[in-house]
Amino acid sequence: MTDVPLIWASVGLIAMAGTYNFGLFLLSRRKVPHRPDTGDQRFYVFMLACLNEEMVLGESLARITALPAGNCVALVIDDASEDRTAEIARAADPQRVWLHQRHLPDARRGKGAALNDGVRLLRASSLLGDRDPHDVIVCVVDADGRLDRHVIDAVDPFFNDPWTGAAQIGVRMYNRREGLLARLQDMEFVVYGDIFQSARRFIGSVGMGGNGQFMRLSALDSLGENPWSDSLTEDLDLGVRLIARGWTNQYCTTAAVSQQAVLDLRRLVRQRSRWFQGHLQSAHLAPLILREVPGRRAAMDLIYHLSSPVLILLTSVLPLSFLVAVLGAIIGTIRTGHPMVSTMWFIGPYVLSFTSAWIYGFVYHRRERSISALHAVRLGHAFVLYGYIWFAAGWWGLWRAITGKRTWLKTDRS
C-alpha cells in the first residue's frame, strides 16, 4: 500500500519527538540554585502595548499598582486606540502609571514596533533618572495580564547573576474554569512551562513568551536601537538574539501571569496561525544560532525548536494516513473474508499518541490541585487531541506566509 511508507515516516517523527519530550521531562525535575543576594535595588517597568484594550486594561493596571514593591511602574503604550484605553491609563495613579501615546501613520505596525517605541522613550526621557540600565528590569505584560502579587520577589533573585539578561515567568488562564477549551489552554501553558522551559534552563535555551517576560534594559540595549523585530512572534526572536549575545535566559517556576483564554475555537485557531507564521518567519535565525549561540546543546535545541512548524506539518498527515490504512484493511477484509484489522492497529496508535497524556496529567495536577489526579489524566488525553488544533493553524499559517499576508492577527478580548 502506498500509504505505508508515509505511516512509518510519521511514526518515526512521533517517536523522535516523544523521546525528546520525555528527556526534557526528566531534566525539568531538577532544581536550579540561585546566586546570593547582591543587595542591588532594581527598578521594574511593566510595559503594556495596547490597541483597543478598554475591556481588560483597568484590572491589569490595578494588579500592577497593587504590587507591594515601591520600585515599579507601569508604562502603557497606546498604539492609536479608538476606545477608552488612554482614558483608563490616565485615570490610574500618575505616579505609578505612565502613558505614552502613538499616533498614525507611525502606530499600528505590530507589537514589536510599539515595544521598541516604549524602550526608546525610557532611554531618551528623564523617567528613569540616573538609574543604571543594568539595574532596570523591563517586563512585557499583555493588556489582559494579571501578575501574581509576589512576582517581583520571585523574579528578582535571578538577576543577582550579572549575566542573566532575561527571565520568563509562567502563564496561566484566569478564566480556565469557563469550559474545556479554556482549561486545555491553561494546561498547554503549564505543560510548556513546567516541562519544556524548566528543562531548557539546564540546556541554555529558555525562550521568551509574549506575556510575563522580564529583561534587563542593558540586555535590550545590547540588541541595538530596536530590540524587538517586526516578526509576528517578536518574543521568540528576542529570546534567541539575547542568547546569541551571550546573555542567559532564565525561567521562573514560582510566579505566573494570568491572561484570558480564548473561548471560541475559530478565534483560537486564528491566534495560533499567527504564532505558527511567526515561527516560520524565525527560520532566518538559524545561521545566527549556529554562528553565535554558545554551547552546542543550546544551539541544537534552538534549531530543533525552530523546526517545530515543519514537524507539525509533517505529522499532520498521520491521522489521515491511519484512517486510509484502516479503511483499506476493512475493505480488504470484506473482499477476502479474512480479518486484516487487528488490535495492534489501535494499541499502537494509543501508545504513540497517549503515553504523554499520563505525564501531562501528572504535571498539571501538581500545579492545579483543585482537580483530582484522575481528572488531570483525562484532561491529558483530551489535551493530546487538542493538539490537533495546531494542524489546522499550521496549514492556515503556511497559506498566509505563501500568499504574503503579514498583518498582526490581534486576539480579540471578551
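Note that the coordinates shown come from a computational prediction; the quantities given were computed from them, not determined experimentally. (Residues numbered from 1 in each chain as written. Predicted model: local features only at pLDDT ≥ 70, side-chain atom pairs only at ≥ 80, totals over all residues. Heavy atoms only, no water.)

Caption draft 1: Just the environment of Phe383, in detail. Relative to the helices and strands, Phe383 is located in helix α15 (residues 373-386). The class for Phe383 is buried, based on a relative accessible area of 12%. For Phe383 and Leu181, which are 202 residues apart along the polypeptide, the C-alpha to C-alpha distance reads 9.5 Å. (Helix = DSSP H or I, 4+ residues; strand = E, 2+ residues; numbered from the N terminus. Buried < 20%, exposed > 50% of the residue type's maximum accessible area, 1.4 Å probe, protein only.)

Caption draft 2: Inspection of the layout of surface pockets at higher detail. Estimated volume of the second largest pocket: approximately 470 Å³. Looking at the second largest pocket, it is lined by 19 residues, and the ones nearest its centre are Ser28, Lys31, Arg201, Thr253 and Arg367. Secondary-structure elements contributing two or more residues to the lining of the second largest pocket are α6 (180-203), β8 (248-259) and α14 (344-367). Across the lining of the second largest pocket, the residue classes tally to seven nonpolar, five polar and seven charged. (1 Å grid on protein atoms, 1.4 Å probe; cavity = no way out; pocket = protein on both sides within 12 Å on 5 of 7 lines; lining within 4 Å. Points joined across faces, edges and corners; volume = space filled by probe spheres on them. Nonpolar A, V, L, I, M, F, W, Y, C, P; charged D, E, K, R; others polar.)

Caption draft 3: Geometry of the packing of aromatic side chains. Considering all chains together, one arrives at 12 aromatic pairs under this definition. Centre to centre, the rings of Tyr360 and Phe383 are 5.4 Å apart; their planes meet at 90°, and the pair counts as edge-to-face. One end of the pair, Tyr360, is in helix α14; the other, Phe383, is in helix α15, and 23 residues separate them in sequence. In this structure, Tyr360 and Phe383 share a single accessibility class: buried. (Phe/Tyr/Trp six-rings, centres within 6.5 Å; stacked < 30°, edge-to-face > 60°.)

Caption draft 4: A look at the sheet that holds strand β5 (residues 146-147). If you walk across this open sheet you meet the eight strands as β3-β2-β1-β4-β7-β6-β8-β5, and the pairing is mixed. Because the sheet does not close on itself, it has two edges, and the strands there are β3 (97-102) and β5. (Pairing = 2+ DSSP bridges.)

Caption draft 5: Structural context of the packing of helix α12 (residues 308-315) against helix α16 (residues 389-402). α16 packs onto α12 with a crossing angle of 115° between their chain directions and a minimal axis gap of 9 Å. Judged by the angle between their axes, α12 and α16 are roughly perpendicular. Two packed elements cross with a definite hand, and for α12 against α16 that hand is left-handed. Across the interface between the two elements, Ile312, Leu313 and Thr315 from α12 touch Trp390, Phe391, Gly394, Trp395 and Leu398 from α16. (Axes fitted to C-alpha atoms, helices over the stretch in contact; angles between N-to-C directions. Parallel < 35°, antiparallel > 145°, perpendicular 65-115°, else oblique. Left-handed = near helix turned anticlockwise from the far one by under 90°. Contact = heavy atoms within 4.5 Å.)

Caption draft 6: Quick peek at the pattern of salt bridges. Under the definition given, this model contains 19 salt bridges. Here Asp117 ties to Arg102 by a salt bridge, and the two come within 3.0 Å at their closest N and O atoms. Of the two residues, Asp117 sits in helix α4 (residues 111-124) while Arg102 sits in strand β3, which places them 15 residues apart along the sequence. With respect to burial, Asp117 and Arg102 carry one shared label: buried. With a closest N to O distance of 3.4 Å, Arg291 and Glu292 form a salt bridge. Through salt bridges that share partners, Arg172, Arg176, Arg177, Arg183, Asp186 and Glu368 make up one connected network. (Salt bridge = Lys/Arg side-chain N within 4 Å of Asp/Glu carboxyl O.)

Caption draft 7: A positive patch on the surface, seen in detail. Together, Arg29, Lys31, Arg366 and Arg369 make up a positively charged patch on the protein surface. Given the relative accessible area of 55%, Arg369 is considered exposed. (Patch = residues over 30% accessible without salt bridge, like charges linked within 9 Å, V, L, I, M, F, W, Y side chains within 5 Å. Areas by Shrake-Rupley, 256 points an atom, 1.4 Å probe, with all protein chains shown as cover. Lys, Arg positive; Asp, Glu negative; His and termini not counted. Charge placed at Lys NZ, Arg CZ, Asp CG, Glu CD.)

Caption draft 8: Molecular detail of empty space enclosed by the protein. As enumerated under the stated definition, the model contains two cavities of 30 Å³ or more in all. Within this model, the largest cavity holds a volume of roughly 80 Å³. Along the wall of the largest cavity there are 14 residues; nearest its centre are Ser205, Gly207, Leu236, Leu302 and His305. At the level of secondary structure, the elements contributing two or more residues to the lining of the largest cavity comprise α6, α8 (234-244) and α11 (296-306).

That is the geometry; function is a separate question.
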